[in-house]
Amino acid sequence: MAKVLKFKDVNSDVEKRMKEFEKLRVKFNADVKKGEAKKAAAGKESKGIFKSISDFFSDSPKAPANAAVKK
């Protein structure tokens, strides 16, 4: 037979999981703030690998050609 859980058991399990989640959320927020502080301290915002590659292969903007037509 399947074990029947009492409401108190289920409630305590939910509370325990919520506390674990809250700890993870606080830790994640602290890590995000550390990362932002590190970026601000570095000054220059780093580019991602995709952005770097796309900038490398993209055509540089060309100066408009002055095609002066003489008659």
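What you see is a predicted model, and the numbers here were worked out from it, not measured in a lab.

Chemist: Is there a simple way to think about the overall build of the protein in this case?
Modeler: Assigned secondary structure in the protein consists of 2 helices and 0 strands. Looking at the 71 residues of the protein, the share that counts as buried comes to 0%. As displayed, the protein offers around 7800 Å² of accessible surface, 62% of which is attributable to carbon and sulfur atoms.

Chemist: Explanation requested: the pattern of salt bridges in the structure shown.
Modeler: It is possible for side chains bearing opposite charge to pair when their charged atoms get close. Enumeration over the complete set of coordinates arrives at 2 salt bridges. The salt bridge partner of Arg-17 is Asp-13, with a shortest N-O separation of 3.3 Å. Taken together, the positions of Arg-17 and Asp-13, both in helix α1 (residues 7–42) and 4 residues apart, correspond to about one turn of that helix. Residue classification places Arg-17 among the exposed positions, given a relative accessible area of 54%. Accessibility expressed as a relative area gives 33% for Asp-13, which makes it partly exposed. Where Glu-22 meets Arg-25, a salt bridge forms, and the shortest distance between an N and an O atom there is 2.6 Å. Linking Glu-22 with Arg-25, this pair stays in helix α1, spanning 3 residues, or about one helical turn. Note on Arg-25: relative accessible area 37%, which makes it partly exposed.

Each value, and the rule that gives it
- Residues numbered from 1 in each chain as written.
- Predicted model: local features only at pLDDT ≥ 70, side-chain atom pairs only at ≥ 80, totals over all residues.
- Heavy atoms only, no water.
- Helix = DSSP H or I, 4+ residues; strand = E, 2+ residues; numbered from the N terminus.
- Buried < 20%, exposed > 50% of the residue type's maximum accessible area, 1.4 Å probe, protein only.
- Areas by Shrake-Rupley, 256 points an atom, 1.4 Å probe, with all protein chains shown as cover.
- Salt bridge = Lys/Arg side-chain N within 4 Å of Asp/Glu carboxyl O.

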